[in-house]
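A closer look at the structure
If you want the building blocks of each chain, they are given just below.
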Amino acid sequence: MDNSIEIDHLSTYFYTEEGAVKAVDDVSFRVPLGQTVCIVGESGCGKSVTAMSIMGLVEEPGGKVISGKIDFSGEDLLKLDKHSLRSIRGNEIAMIFQEPMSSLNPVMKIGEQIMEPLIIHLKMSKKQARTRAIELIEQVGISRPEQIADSYPHELSGGMLQRIMIAIAISCNPKLLIADEPTTALDVTIQAQILDMLRDIKTNSNMSILLITHDLGVVAEMADYVIVMYSGKIVEEGEVVELFERPKHPYTKGLLKSKPIINQRLEELYSIPGQVPNPLDLQESCYFHDRCEQCMSICQTKQPQLQEVGTQQKVACWLYEEAVAHV
Amino acid sequence: MSEPLLEVNHLKKYFPITKGLLNRTVGHVKAVDDISITLQPGETFGLVGESGSGKSTVGRTILRLTDKTEGEIKFKGLDIHNLSPSELRAIRPKMQLIFQDPYSSLNPRVRVGDAIGEALLDHGLTSKGEVRDRVLDALVSCGLSSYHIDRFPHEFSGGQRQRIGIARALVLNPELIIADEPVSALDVSIQAQIINLFSKLQETRGLAYLFISHDLSVVEHLCSRIGVMYLGSMVETASRDELFRNPLHPYTKALLSAVPVPIPKLKRDRIVLKGDIPSPANPPSGCKFHTRCPYAVDICKHQIPEFREVGSQHHVACHLV
């Protein structure tokens, strides 16, 4: 087994009054052991729903995982009953969210919230759990751990709360950590601290990370492998250096060009024209075609499939379909 | 040199901390503590800092949306905080504000055209018959289409709503726009569109911007001069090129090195600051940054560094420079 988790043809739909929204549409990828895979994309591209589907957090009847397979340690997470899923969630797969303030219980002491998974999953006694909780608080770089364990979430800053979330997430030594925009709500100096810490934890415990972000800068710093999503589909994926230096898909290229970079000022920023299509109104076409500068006629009528171009890089774009290019 | 459009001299804004039944004042949050900014017509000044640094309060105090504690704000030579209500009203169209969140700054039940035209009518700048033309003109300059005029806010995406926010400011023909984190809530591809719109409008209309942001890469792109704030005080101001080439204050250096760069091979010597930004209600003694500064020495703990000129138009408040 060299993969921590393998996602196969996952589709998750949401049902609205106006019709079904294909939030995640036939997505397959894997997170190799000990590696960091980043899913990058703009709001509404389905990156968070992918994470929620893995964790079994998509709630019916509003939304439903339509099809697919999520292979984790030889088991299909989608076929597990609630009880077995609970024993994996927070234990072998842990998740941290964007908003640390709203993911912690405001009326429960920090220490107790860290102890909870230790007592449930690792069957520790209260005393053992408290000792471990204090160690964990120390491990995530917070001084005065005993005092912090006895305080409530509102007494801590956003950066500290996110550290606590990480402490809870790593408390049971998970094999996979899913981090959904973990630094988006934080200031840059705090973001730098948190990213450094995630990197250290990964190296020390050989954990795999699935990092979801919209920030290409964060991707460049953290990822081994990158997945670019657009309107519920993977449009490009590849090894990080390859993808940043030789992006293939026009959307990836556009995204990379439109981000202002410090010390590389341009007279005018490149910007992708138009906006993301309405998810209720997707036709059989490349979803990016109306914003694409290299749009061809086939792009408007047929959806390109994700296919390999070069080693470790895949792209879903008609420009790279040789057979079509020659027609 | 021509008369500056905006002059902020030693501005202070303290919020009282009250306690108990009688609302006794037990202390002050020094949100803005002795800030000076000069802005020439057509120029862009970028105000950078982390949350809690007081940058938004500076913007709001300049527009007199909140009262100052001390100091002076002059807009075109007029002391904003000493104007009578009617004088203030007369000058208001010339200074406009754009907010961060385009979703909550528009009334969901008011048509876009009415939202944009409201201020024109309210200030009596246009007759009823001409409003529609002016609104259309503003919409089109902001990259929207004329048929958008009768739509409601929920029919627009985030980027389009921010364009509406800009159109609403623009329709009054302002000379100064204070933009408070106008692109922070937007996706990268949309963010680039809005940044370009800001530059284009400046070129065609000679607008001056006070651009408030936490994102240094955006500020570098738009601003000709930049000020870095920390806990209510300005720690460094310089021209853009100077600040990015030769940052002097340790906080500026740390901020610059903390911004993630989308180049995976780049290995930088990052200065990672320890700890959080302290509470502005109880700021550290001496240099407010000394608790997190990697180079702090003894003097930093006791003596407030003077904000002094160290090069042409380059000011910094640090004992070690």
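Scroll up a little and you will see the structure.
A few points on the structure. What you see is a predicted model; the values in this text were computed from it and never measured. (Residues numbered from 1 in each chain as written. Chains lettered and ligands numbered in written order. Predicted model: local features only at pLDDT ≥ 70, side-chain atom pairs only at ≥ 80, totals over all residues. Heavy atoms only, no water.)

Our focus in this paragraph is the environment of B:Val58. Residues and elements named next belong to chain B. Considering the arrangement of structural elements, one finds Val58 in helix H1 (residues 55–62). Looking at Val58, the relative accessible area reads 0%, which means it is buried. Taking the C-alpha atoms as reference points, Val58 and Glu306, separated by 248 residues in sequence, lie 20 Å from one another. Beyond its immediate sequence surroundings of up to four residues, Val58 is in contact with Val32, Ile37, Leu47 and Met229. (Helix = DSSP H or I, 4+ residues; strand = E, 2+ residues; numbered from the N terminus. Buried < 20%, exposed > 50% of the residue type's maximum accessible area, 1.4 Å probe, protein only. Contact = heavy atoms within 4.5 Å.)

Once that is clear, we can look at the nonpolar core. Ranked by size, the top nonpolar core spans 66 residues in total, and within it A:Ile114, A:Ile164, A:Ile166, A:Val226 and A:Phe244 carry the most contacts. Looking at which element gives the most residues to this core, the answer is helix H7 (residues 158–170) of chain A, with 9 residues. Viewed by domain, this core spans two of them, domain 1 (3–92 + 174–260 + 270–277) and domain 2 (104–171) of chain A, each represented by three or more residues. Once residues lying within four places of it in the same chain are set aside, the contact partners of A:Phe244 are A:Leu216, A:Val219, A:Ala220, A:Val226, A:Leu256, B:Pro262 and B:Pro264. Membership of the second largest hydrophobic core comes to 64 residues, among which are B:Val112, B:Ile177, B:Ile190 and B:Ala192. (Core = buried A, V, L, I, M, F, W, Y, C linked by side-chain atoms within 4.5 Å. Domains from an automatic or database assignment.)

Right, let's talk about the interface of chain B and chain A for a bit. Listed per partner, the contact involves 38 residues of chain B and 45 residues of chain A. Carbon and sulfur atoms make up 56% of the surface buried where chain B meets chain A, a total of about 3600 Å² over both sides. In this assembly, chain B and chain A are joined by 2 salt bridges. When the shortest N-O distance is used, the salt bridge between A:Glu245 and B:Lys265 registers 3.5 Å. In this structure, the connection of chain B to chain A is made through 18 residue pairs in polar contact (both at pLDDT 80 or more). (Buried area = accessible area lost by both parts, 1.4 Å probe. Salt bridge = Lys/Arg side-chain N within 4 Å of Asp/Glu carboxyl O. Polar contact = N/O pair within 3.5 Å; in protein donor to acceptor, adjacent residues only side chain to side chain.)

Residue and element names in this part refer to chain A. Tallied over the full model, the rule gives 8 aromatic pairs over all chains. When the centroid spacing of 4.5 Å and the interplanar angle of 55° are considered together, the rings of Tyr230 and Tyr251 count as tilted. A residue pair is termed long-range when its members are at least 10 positions apart, and Tyr230 in strand E9 (residues 225–230) and Tyr251 in helix H11 (residues 250–258) qualify at 21 residues. With a centroid separation of 5.2 Å and an interplanar angle of 90°, the aromatic rings of Tyr230 and Phe288 are classed as edge-to-face. With Tyr230 in strand E9 and Phe288 in the loop between H11 and strand E11 (307–308), this pair connects stretches of sequence that are 58 residues apart. (Phe/Tyr/Trp six-rings, centres within 6.5 Å; stacked < 30°, edge-to-face > 60°.)

Within a regular strand, side chains alternate between the sheet's two faces. Residues and elements named next belong to chain B. Counted residue by residue, strand E7 (residues 176–180) has 5 buried out of 5 residues, so it is predominantly covered. Sheet topology places strand E6 (residues 95–98) next to E7; 4 bridges connect them, and they run parallel. Looking at the pairing, Gln96 lines up with Ile177 of E7. Examined bridge by bridge, E7 and strand E8 (residues 208–213) share 5 bridges and lie parallel to one another. By the bridge assignment, Ala179 is partnered in E8 with Phe211. (Pairing = 2+ DSSP bridges.)

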